[in-house]
Amino acid sequence: MARKIKVGTLISGGGTNLQAIIDACKENRISADIVFTGSDTPAVKGLERAETAGIDTFVVDYARIIQSCRSGIADTDLPADFDLDDIMAKQKLVDPSDETAAFFLKSRAIAEKQLLDYILSYDMDLLVLAGFMRVFTPYFIDRINTVPGKHRIMNIHPALLPAFPGTDGYGDTFRYGCKVGGCTVHFIDYGEDTGPIIGQKAFEIEDADTLDDVKRKGLAKEWELYPACIQKFAELL
Ligand code: GAR
């Protein structure tokens, strides 16, 4: 059995993937312990799940931060080590010529700095995004992935990447008329849902299936896939 790795988790909502990982850790099915659960949204069910399991929690309220940025971002609001040119050049999330690009990157980096203040206070081997519905700028990624060439931020996506990136993987799969759906665990990079794939699971979509059926089948696969990918990481560390 691999040594137990320390896993930080980030969520935005119900946290059923988080629960699957909590259970896998508790039942020693994977060599991991969860050291914290952070959320970009207050009072979500996933935070309750973490608290019930005795895991430290914190919230960085993205919606409130972005709203307050709309009234203006002063240089002093930005992290002291924020370099817009560097981040704009590296990122693959927004079109640099778009007039909202700088606002997007600055407002996210302000939120990311608050996340980093929590996250970096923990000893952590791997950061697991378990239904975290925000993308990260290079400002955040570079401060977690500090060893060149070593990824340590994992994400689960509700589609068979590289098909259907974005915020509604199962919906996009279903509306396209696909006969097979699936989920993907991958490391994140500077793009949206583009990093190296660690594992995938597929399921059949029957003609009579509704979108709810697709989501139900998909989530059941996610709960198997995510712990297995974390275990793979633990064994390779
Ligand atoms: C899951 O289906 C996950 O794949 C998806 O959100 C859901 C979270 O469910 N993640 C994304 O779409 C990330 N872009 P959960 O909160 O019950 O784990």
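Residues numbered from 1 in each chain as written. Predicted model: local features only at pLDDT ≥ 70, side-chain atom pairs only at ≥ 80, totals over all residues. Heavy atoms only, no water.

Undergrad: Please provide a residue-by-residue account of the layout of surface pockets, values included.
TA: Its volume calculated, the largest pocket comes out at about 760 Å³. Every residue lining the largest pocket is counted, 36 residues in all, and those nearest its centre are Gly131, Phe132, Met133, Ile156 and Pro158. When residues of the lining of the largest pocket are traced back to their parent elements, those giving at least two are α1 (16-26), β5 (153-157), α7 (169-176) and α8 (211-236). Across the lining of the largest pocket, the residue classes tally to 13 nonpolar, 16 polar and 7 charged. Lining the second largest pocket we find 17 residues, and of these Lys150, His151, Arg152, Phe233 and Leu237 sit closest to its centre. A total of 4 residues in the lining of the second largest pocket trace back to one element, the largest contributor, which is α8. (1 Å grid on protein atoms, 1.4 Å probe; cavity = no way out; pocket = protein on both sides within 12 Å on 5 of 7 lines; lining within 4 Å. Points joined across faces, edges and corners; volume = space filled by probe spheres on them. Helix = DSSP H or I, 4+ residues; strand = E, 2+ residues; numbered from the N terminus. Nonpolar A, V, L, I, M, F, W, Y, C, P; charged D, E, K, R; others polar.)

Undergrad: Any chance you could break down the packing of helix α3 (residues 62-69) against helix α5 (residues 101-119) for me, citing the residues and the numbers?
TA: At a closest axis distance of 10 Å, the pairing of α3 and α5 adopts a crossing angle of 135°. In terms of their interaxial angle, α3 and α5 are classed as oblique. Note on packing geometry: the crossing formed by α3 with α5 is right-handed. In this structure, α3 contributes Tyr62, Ile65, Ile66 and Cys69 to the contact, and α5 contributes Phe103, Ser107, Arg108, Ile110, Ala111, Glu112, Gln114 and Leu115. The residue inventory of the contact of α3 with α5, partitioned by class, reads 8 nonpolar, 2 polar and 2 charged. (Axes fitted to C-alpha atoms, helices over the stretch in contact; angles between N-to-C directions. Parallel < 35°, antiparallel > 145°, perpendicular 65-115°, else oblique. Left-handed = near helix turned anticlockwise from the far one by under 90°. Contact = heavy atoms within 4.5 Å.)

Undergrad: If you had to explain the environment of leucine 161 to someone new, which residues and values would you point to?
TA: Mapped onto the elements of the fold, leucine 161 is located in the loop between β5 and α7. Using a relative accessible area of 6% as the deciding quantity, one classes leucine 161 as buried. (Buried < 20%, exposed > 50% of the residue type's maximum accessible area, 1.4 Å probe, protein only.)

Undergrad: So, the environment of valine 7: which residues are in play, and what are the values?
TA: Inspection of the secondary structure puts valine 7 in strand β1 (residues 5-11). By relative accessible area, which is 1% here, valine 7 ends up buried. For the pair valine 7 and isoleucine 34, spaced 27 residues apart in the sequence, the C-alpha separation amounts to 4.7 Å. Once you skip the residues sitting within four places of it in the chain, valine 7 turns out to touch Ala32, Asp33, Ile34, Val35, Phe36, Met124, Leu126, Val128 and Ile230.

Undergrad: Any chance you could break down the site of the ligand for me, citing the residues and the numbers?
TA: In the vicinity of the ligand, the residues found are Gly14, Gly15, Thr16, Asn17, Gly131, Met133, Ile156, His157, Pro158, Tyr170, Leu219 and Glu222. Contact distances for the ligand include 2.6 Å between an oxygen atom and a side-chain N or O atom of threonine 16. Here the ligand has 450 Å² of accessible area as a free molecule, and 85% of this is covered by the chains. Spatially, the ligand is embedded in the largest pocket. Secondary-structure elements contributing two or more residues to the shell around the ligand are α1, β5 and α8. In terms of residue class, the shell around the ligand is built from 5 nonpolar, 6 polar and 1 charged. (Near = heavy atom within 4 Å. Polar contact = N/O pair within 3.5 Å; in protein donor to acceptor, adjacent residues only side chain to side chain. Areas by Shrake-Rupley, 256 points an atom, 1.4 Å probe, with all protein chains shown as cover. Sits in = over half its atoms within 2 Å of the grid points.)

Undergrad: Quick rundown of the packing of aromatic side chains? Include the residues and the values.
TA: With the rule as written, the count across this model stands at 10 aromatic pairs. Summarising the aromatic geometry, the rings of phenylalanine 36 and phenylalanine 58 are spaced 5.3 Å apart at their centres and angled 40° between planes, so their arrangement reads as tilted. Here phenylalanine 36, found in strand β2 (residues 32-39), pairs with phenylalanine 58, found in strand β3 (residues 57-59); they are 22 residues apart in sequence, far enough to count as distant. The exposure class of phenylalanine 36 is buried, given its relative accessible area of 0%. What links up through ring pairs into an aromatic cluster is the set Phe36, Phe58, Tyr118 and Tyr122. (Phe/Tyr/Trp six-rings, centres within 6.5 Å; stacked < 30°, edge-to-face > 60°.)

Undergrad: Tell me about helix α2 (residues 45-52), and please be specific about residues and values.
TA: The periodicity of an α-helix, 3.6 residues per turn, causes residues three or four places apart in sequence to face the same way. Buried within α2 are the following residues: Gly46, Leu47, Arg49 and Ala50. Burial along α2 is one-sided: seen end-on, the buried residues are contained in an arc of 155°. Buried residues along α2 sit against β1, α1, β2 and β3. Glycine 54, located one to two residues past α2, shows a positive phi value of around 80°. (Arc of directions from axis to C-beta.)

Undergrad: How would you summarise the sheet that holds β3 if you had to cite specific residues and measurements?
TA: Overall, mixed pairing links the 7 strands, which are arranged β3-β2-β1-β4-β5-β6-β7 in an open sheet. Taken across any chain shown, the strands that pair with only one partner, and hence form the sheet edges, are β3 and β7 (197-204). Going from strand to strand, the sheet's axes swing by 20° on average, the running direction of each strand aside. As judged from the 7 bridges shared by β1 and β2, these two strands associate in the parallel manner. Within β2, the residue paired with isoleucine 11 across the bridge is serine 39. Packed onto the sheet, α7 meets β5, β6 (180-187) and β7 and runs at close to 150° relative to β6. (Pairing = 2+ DSSP bridges.)

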